[in-house]
Amino acid sequence: MLTGLIGQAAIRLLLVSSLVALAIHALAARTGSRRWRTASRLVQGWVFLCAATASAALIRLLVTGDYSYPYVASYTGPGLPLVYRIAAFWGGNAGSLLFWSLVLTLYGAVVVGARHEDSERMLPIVSFVLSSITLFYALLLNLKANPFVRLDQPMPPSGLNPLLQNPGMTVHPVNLYLGYIGFAIPFAYAVAGLWLGRTDAVWLKVTRRWTLVSWLFLSIGIVYGAHWSYEELGWGGYWAWDPVENASLLPWLTATAFLHSAIVQEKRGLLKAWNVVLVSLTFLLTLFGTFLTRSGVLWSIHAFANAPLGVWFLSFLGVAAAATAALIVWRWPALRANGRMEAVVSKESAFLLNNVLFLGSAFAVLWGTLFPIVSEALDGRRMMVDAPFYNAVNMPLAVCVLFLMGIGPLVAWRRASVQGVVRAVAVPLAVAALGGTAIAAALEAVFHRWSLLGTLAVAAALFNLWTVAFEFFQGVRARMQMTTDGVWTSLVRLVANQRRRYGGYLVHASVAVMAVGIAASGTCHLDAQVQLRPGQSADIGAFHLTFTGMGVTPGTVSRDMYANLVVSSGGRSLGVLRPSATFYSDGQQPTTNVALYSRPMQDLYAVLLGTSPSQGDIAIFDLHVNPLVQWIWFGGYGLILGTLLSLWPERVRRQAWSVTGVPSALDGLYQQMAELEYDWKMGKLDEEDYHRQKQALWTAACREETMEAQLRARLERELEDEVRGARLGEG
């Protein structure tokens, strides 16, 4: 009981502390005094302490099984392992809101420790935005979804949903939350940048880094969630275009668009307004996704049942969207680009087109997700949008994105010639087309399925892999020509000195590998439902399965009924698959347990749907053969590795720039010259373009140096005048 009282007091204190924090952050931002800025940092830590105390109290109640708390009784029960008792913290609606508050305040406590140029002015505003969001969740915890409500008598425990009793429960939701909540930080910096009228290199550097961290967590959550769904839910697939799955994909798409357009702002000073809009849109889409999960407007296996918080989230979303739009309109003049797009054929144009495709995909997913609500409002009938709609719209866009991912590295910044681009892509595109056709033909020969879109997707993925490999090859060769290093030393130093660039290429290659897996499994998937008596056999793809009989494994709270399927292929025995169904003594709905024979080239997937004892012990099986599914998971690992490589700090470059960690205007010009030199050595520019652009950059750098020298001379004169004046005053 004492633990519950502590938790109750902590969430009350969280609400009050968030209100106090808002006032302190506002004073720190308004006055700029050191005292208030220090208080602003300390109060962020205090708010986190409140959320951490409440979280610790709830975890203790869950672990000890105090069933006088309805939340504990609803998500735990006797015999539930410790890891799932802890996972119940975020497994229910009220607990997940507290977990959300915990992560958000933790991010806030970390952010206030940041040091960068103008952090003294930006951080109080960033903290104000984060505290506003924290206050909203504290209100929900105290008024609508309090996990510390206590009954006079213990209630019968319901236990955690069996589908959630999986190790994935400790990985998938946690990473989704870390990603979802993390997008609040770039948004807070966007608000701070708009308020202060500076969306420059400092803002971009901090925002991009936090976005990349959040994007990584969300990517892990999505990929792992797909893997979990594939192995646990028993429907044979990994992505169902479920409304809540879509809600996780939407901010991922807009954040991906921002991570690419941010490079254009960094290199060329373009797309400032576009980037602010993307960062804001990503955060607003996380609120929209949370609204979908907790409003009950759409059914989903992932949604929280009986969670009438839709009005609250919709109101908060409306306020946040209106305030952000007003701020962007107010600061629109400060969002003008520093330069202009010099040519249609250039790397910046490829990035912009890439952004349009990502936004197009996001709009299609959003429209499909909202269509049941819109149709019901207009026609009174709820019309659902199924997977064919999403696939028909998004698959062509995905193929275009894959081709752009391959073309982008081959195009130079600022200006490139059409002839040069055609010359650069002709050979790899031809090889990729041949390779894609060959792979599609091989799959057709085995699975008797073929798709033009699938073939294009495989060809685009191969094209992408070729360009990534070519970038590594050219980079190593150029380094070997300039140094005495060997191949491996050149490769290691090349990657170490340009981690962001080559980490990004690794992510591109990983996405291409995933795309091959998605295209192959989507196009050539085989499935069949069969009824077998003991001794009977069935064939699917290259596999031959013989049903040898049923069995039962008894347990204390459940029992498993299983079937033995002897699997062979080409006359060679592969082993026994044992799909099963679990029945619970407390009356919970039975669950199926998938049996999987998984290899890099194909998976055999078997589900026991049921039995028919009245017909002579007939068992009903759902069988699937999914080609290249493992490639999706392998690609996911590569994506994580590439993103971590991109996040690793580049110390050499930071030291070379300035004490602020971001390049000045002159540094930026020198950086562009270095990029030009790189593009020239990599063969992306012809002789004429290279010398013309080099001359233009050199002229601009000389002009900038002159301006800096004049400014320095003026400052020195003013300083001398002040010193002279002070001495005269003393005399």
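No experiment lies behind these values; they were computed from the predicted model shown.

Colleague: What is the right way to read the sheet that holds strand β10 (residues 618-627) from this model?
Modeller: Hydrogen bonds between backbone atoms are what pair the strands of a sheet, whose relative direction is either parallel or antiparallel. With antiparallel pairing, 4 strands are arranged side by side in an open sheet as β1-β10-β9-β8. With one partner strand each, in any of the chains shown, β1 (526-532) and β8 (595-598) form the two edges of the open sheet. Across the sheet, the mean angle separating the axes of adjacent strands is 15 degrees when strand polarity is ignored. With 10 bridges joining them, strand β9 (residues 602-612) and β10 adopt antiparallel strand pairing. Opposite Ala-606, over in β10, you have Leu-623 as the bridge partner.

Colleague: Where do I start with the pairing of strand β2 (residues 537-540) in this structure?
Modeller: The side-chain alternation of β2 yields one buried face, formed by Ala-538 and Ile-540, and one unburied face, formed by Ser-537 and Asp-539. Inspection of the sheet shows β2 paired to strand β3 (residues 543-553) by 4 bridges, in the antiparallel sense. Looking at the pairing, Ser-537 lines up with Thr-546 of β3. Linking β2 back to β3 in an antiparallel pair, the connection comprises 2 residues, with Gly-541 at a positive phi of about 60 degrees.

Colleague: Looking at this structure, how should I read the pattern of salt bridges?
Modeller: Pairs can form between side chains of opposite charge once their charged atoms are near each other. Enumeration over the complete set of coordinates arrives at 9 salt bridges. A salt bridge links Arg-121 to Asp-118; its shortest N-O distance comes to 2.9 Å. With relative accessibility at 43%, the residue Arg-121 sits in the partly exposed group. The closest approach of N and O atoms between Asp-379 and Arg-381, which form a salt bridge, is 2.8 Å. Within this structure, Arg-37, Arg-41 and Glu-120 form a network of salt bridges that share partners.

Colleague: I keep staring at the side chain of Asn-246 and nothing clicks. Help me out?
Modeller: Checked against the element boundaries, Asn-246 lands in helix α10 (residues 243-268). For Asn-246, a relative accessible area of 1% translates into the label buried. A polar contact of 3.3 Å, which involves the side chain of Asn-246, links it to the side chain of Tyr-390.

The rules behind these values
- Residues numbered from 1 in each chain as written.
- Predicted model: local features only at pLDDT ≥ 70, side-chain atom pairs only at ≥ 80, totals over all residues.
- Heavy atoms only, no water.
- Pairing = 2+ DSSP bridges.
- Helix = DSSP H or I, 4+ residues; strand = E, 2+ residues; numbered from the N terminus.
- Axes fitted to C-alpha atoms, helices over the stretch in contact; angles between N-to-C directions.
- Buried < 20%, exposed > 50% of the residue type's maximum accessible area, 1.4 Å probe, protein only.
- Salt bridge = Lys/Arg side-chain N within 4 Å of Asp/Glu carboxyl O.
- Polar contact = N/O pair within 3.5 Å; in protein donor to acceptor, adjacent residues only side chain to side chain.

Geometric descriptors of this kind do not, in isolation, establish any biological role.
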